[in-house]
Each structure stands twice: as structure tokens, then as C-alpha cells.
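# Structural features, examined
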Amino acid sequence: MKGTVLVTGGAGYIGSHACVELIEAGYSVVIVDNLNNSKHESVNRVTEITGKPIDFYPYDAREKQDLTEVFQHHSIDAVIHFAGLKAVGESAKIPAYYYDNNLNSTLILLEVMKEQNVNKLVFSSSATVYGEPSTVPISEDFPLSATNAYGRTKLFIEEILRDMANADKLNQVDSPLKIALLRYFNPVGAHKSGRIGEDPNGIPNNLMPYISQVAVGKLDKLSIFGNDYPTRDGTGVRDYIHVVDLAKGHVKAVDYLLHMDESKSECHAYNLGTGHGVSVLEMVNTFMQVTGQTIEYRFAERRPGDVAECYANPTKANNILKWHAEKNLEDMMRDTWRWQKNNPKGYED
Ligand code: NAD
Ligand code: UDP
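In short, a report on the structure. (Residues numbered from 1 in each chain as written. Chains lettered and ligands numbered in written order. Predicted model: local features only at pLDDT ≥ 70, side-chain atom pairs only at ≥ 80, totals over all residues. Heavy atoms only, no water.)

What follows is about the packing of aromatic side chains. Applying the stated criterion across every chain yields a total of eight aromatic pairs. Judged by centre distance (5.5 Å) and plane angle (45°), the rings of tyrosine 57 and tyrosine 59 are tilted. There is no split in this pair, since tyrosine 57 and tyrosine 59 are both buried. Cation over ring: arginine 302 sits above tyrosine 229, and NZ or CZ is 4.1 Å from the ring centre. Sitting over the ring of tyrosine 270, lysine 316 keeps its end group 4.9 Å from the ring centre. (Phe/Tyr/Trp six-rings, centres within 6.5 Å; stacked < 30°, edge-to-face > 60°. Buried < 20%, exposed > 50% of the residue type's maximum accessible area, 1.4 Å probe, protein only. Lys NZ or Arg CZ within 6 Å of the ring centre and 35° of its normal.)

What follows is the structure in C-alpha cells.
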């Protein structure tokens, strides 16, 4: 066994895939998830895929006593903090709820980690912290900004984590914080078993689940937001990354932090993307080719706040974390469809 990782938000879309990859890499996993945007069934399915039991706590990461109890029951070597609210539109309507949940869960987690002498943390950040980038591909040293409340929670948490790591350095503490801020581009796809995948509440906001729900007959028609962008076919370009590749990036980040010099403090950001931009029309056409399904679509107005192009320069993660995205667009489509087709109602089935 390589060590024990506490995964907050481990019942969610990315967290459940990360649990599978961590277990398969030899880690044991403890999950804290209050199930506010997920179902316990995802944890059962991770156990089914890996054949390994998981300690699951249905706790809110803002509850200090509950979190402390988890740290006291397990010898935690590192934490991956996925727990957070992520809906951009909702964050504009109820920003206080987003700030409370995302910031306070992180602050309480840091407090408990300090008290329990755990100093390695991987944080779920997002490409949204680049705001409206002036050029692509985007490197980690690009200016940071945010265009919505959700994005600001990520930006603020990144700043808090940088301050905390710096403070440990200034105070010359014995086992200072070592933090990896992982900035995800556009996670899509599902585990190849078709047993875990993305299970959005209500009508999806994101492109990939929208396409797959049109294919399965839950939605009528895709609206493509804008066909007059200065891109190769006029539709928006993004860096879609297979969720299993993304999950493996977390394993690499944990490996990296666990092998760092214990006396060093660090807080670095890493882009997790493929480095390739794909347009909305290319996504739709590839999905149709790979699955044989027809996706009805129409062109609609641009969605406010959308940028024309956003894709990563992932060189830093390639070189330092020794991580590369390996799966291609066809894998993303095939695996999304297998999950959607086998679980048309998500985990409710
Ligand atoms: P998700 O909603 O599927 O997973 C988040 C999990 O956290 C859920 O299971 C939810 O129940 C849990 N949770 C939320 N608040 C909690 C709290 N206070 N205490 C305990 N559990 C709590 O989302 P996801 O797509 O798996 O995203 C995981 C993380 O990655 C989030 O922080 C998200 O902001 C970030 N992220 C996601 C994307 C994306 O496109 N999916 C992109 C960039 C960053
Ligand atoms: N998109 C679209 N129709 C949809 C959802 C998304 O045309 O129903 C487009 C969107 O304008 C963007 C791309 O698909 O160009 C990816 O959008 P998504 O919301 O998945 O990711 P994000 O905008 O956060 O990168």
C-alpha cells in the first residue's frame, strides 16, 4: 500500500474516477462527501470496479468535528479536495452559498490538516481562473481573473492556499504545506466499464452531457452557442480531457507531493489539459461518427461570458508531474456513450 488519501467530494464525477485510479495505483481511499450533488451509488460502483472496500463518510467538509473524527480514525497521508459547488449560473444567483461552501470547506480542511499534521494537498482548480485569456495555449503564468462567482471561489482559494504555504515557509515550520493546484480544462468521458460517469442534475449546462442526452432521447436538440467566433468553423474551441486521464493526473500529483523533500513548502499550479483545441462542431461530428447516433442541432446566439478559444499548455504537468493525457477524442465519445446508454437515468437506475 502506497498510503491513504482522503478524497473530499469523492462521490462526485471526477472524485469517483480519481478514487478508482488511486486504488488501482495502490493507495487506499477514504471519502468525505455530503452527497449534495452526487449519489452514494457511485461509491458502490467504485468498489465494484476495484474490488476494494472504501471508507465513506457522508459528512460536510465544513463541519470541523466530523472532519477531525475522520482524520483520527485513519492515518491520512494526503488529501485531494474535490468537494465544492460548480454550477456557474447558480453561483450568480446564490453567491453567498457558493462562497460559504467552497471557501469554508477549504479553510476548515486546512485547519484540521494542520492540527492532525497532514501537509499534502491537491486542490481542484479550474481553467476558469484564466478569465478571458488574451492568447492560447494558456500557461500557468498567465494573468488570473474570474468572470463569475464560481470562478472567484476558485481564484480566492488558490490565493489562500498560496498564502498558507508561504506562511509555513516564513515561519519555518517542520512539515510545511505542499500543495498542487490542478487547473482542469474540460473534463468529459467516463470509466471504460460504463459503471461510473457524469450524472448532472436537471438539464446539463455543459456540452458533452447535453450531446449524450440528446443521443439517448432525453433532450430534443442541441443548441450550438455561436457560429461566428473567429475559430476554424465559427464555433467555440475547448480542451476536452478524458476524466480518466484527469483522474490519473491526481494520482501523479499525490505521488509527487509524497516524494517531495519534507522540509520544503510548495504551492504550484498545473494545467491538466491535452493541449489541443476542439470545436463544438467537431465534438458533435466525432460523437456521431463514433456512436452511430444522430445529434440534431441548431445554431443559437453566443452564450454570455463564453470565450472563443480556451486550451492548455500542459508542459508543466508533463515535465514535473510526469503526466500526459493519453486518451483521444474517440475514447471520450465512446466512453461517454457507453455510460449514458447503460445508465439513461444516471445513478437512479
Ligand atoms: P461534482 O459535483 O460531481 O463533485 C463534487 C462533490 O463534492 C459532490 O459529490 C458533492 O456532493 C460534494 N460536495 C460539495 N460540497 C461539499 C461539502 N461542503 N462537503 C462535502 N462534500 C461536498 O463535481 P465534479 O465535476 O466532480 O468536480 C469536482 C471538483 O472539480 C469541484 O471542486 C469542481 O469545482 C472542480 N472542477 C470541475 C470541473 C468540471 O467541469 N466538472 C472543471 C474544473 C474544476
Ligand atoms: N456549448 C454549446 N451548447 C451547449 C453547451 C455548450 O454550444 O448546450 C458550447 C459552449 O458555448 C462552449 C463549449 O460548448 O463553446 C463548451 O461549453 P461547456 O459549458 O461544456 O464548457 P465551458 O464553457 O465551461 O468551457
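Let us look at the sheet that holds strand S4 (residues 78–81). Sheet architecture is open: seven strands sit in the order S3-S2-S1-S4-S5-S6-S11, paired in parallel fashion. Sheet topology places strand S3 (55–57) and strand S11 (266–272) at the edges, where each strand pairs with a single neighbour. Each neighbouring strand pair of the sheet contributes to a mean axis angle of 20°, computed without reference to strand direction. In the sheet, strand S6 (residues 178–184) pairs with S11 via seven bridges, with the strands oriented parallel. Within S11, the position partnered with tyrosine 184 by the bridge is leucine 272. Its contacts with the sheet place helix H1 (residues 13–24) against strand S1 (3–8), strand S2 (27–32), S4 and S6, and it is angled at close to 155° to S2. (Pairing = 2+ DSSP bridges. Helix = DSSP H or I, 4+ residues; strand = E, 2+ residues; numbered from the N terminus. Axes fitted to C-alpha atoms, helices over the stretch in contact; angles between N-to-C directions. Contact = heavy atoms within 4.5 Å.)

Time to look at the nonpolar core. Core analysis: the largest hydrophobic core is formed by 44 residues, its most contacted members being Leu22, Val29, Val122 and Leu182. With eight residues, helix H8 (residues 243–258) is the largest single contributor of residues to this core. In this view, leucine 22 contacts Val5, Val7, Tyr27, Val29, Ile80 and Val251; residues no more than four positions away in its chain are not counted. One finds Tyr59, Leu121, Ile157 and Ala269 within the second-largest nonpolar core, a separate group that totals 27 residues. (Core = buried A, V, L, I, M, F, W, Y, C linked by side-chain atoms within 4.5 Å.)

This paragraph deals with the sheet that holds strand S12 (residues 278–279). Taken in spatial order, the three strands line up as S12-S9-S14 in an open sheet, and their pairing is mixed. Each end of this open sheet is capped by a strand with a single partner; those strands are S12 and strand S14 (309–310). By the bridge criterion, two bridges tie strand S9 (residues 237–238) to S14 in an arrangement that is parallel. Of the residues in S14, the one forming a bridge with arginine 238 is cysteine 310.

In the vicinity of ligand 1 there are 27 residues, among which Ile14, Asp33, Asn37, Ser38 and Tyr150 approach most closely. Contact between ligand 1 and phenylalanine 82: an oxygen atom at 2.8 Å from a main-chain N or O atom of the residue. Contacts to ligand 1 include lysine 154, whose side-chain N or O atom sits 2.9 Å from an oxygen atom. Protein contacts shield 95% of the accessible area of ligand 1, which totals 820 Å² for the unbound molecule. If you list the elements that add at least two residues to the shell around ligand 1, you get H1, strand S5 (120–126) and helix H6 (149–170). A per-element tally of the shell around ligand 1 places S5 first, with three residues. Here the shell around ligand 1 is composed, by residue class, of 11 nonpolar, 11 polar and five charged. (Near = heavy atom within 4 Å. Polar contact = N/O pair within 3.5 Å; in protein donor to acceptor, adjacent residues only side chain to side chain. Areas by Shrake-Rupley, 256 points an atom, 1.4 Å probe, with all protein chains shown as cover. Nonpolar A, V, L, I, M, F, W, Y, C, P; charged D, E, K, R; others polar.)

Further remarks concern the site of ligand 2. Of all residues adjacent to ligand 2, which total 15 residues, the nearest are Ser223, Phe225, Arg238, Arg303 and Asp306. Between ligand 2 and arginine 303 there is a distance of 2.8 Å, counted from an oxygen atom to a side-chain nitrogen or oxygen. Considered on its own, ligand 2 offers 520 Å² of accessible surface; in the complex 86% of this is hidden by protein. Only helix H7 (207–215) and strand S8 (222–225) provide two or more residues apiece to the shell around ligand 2.

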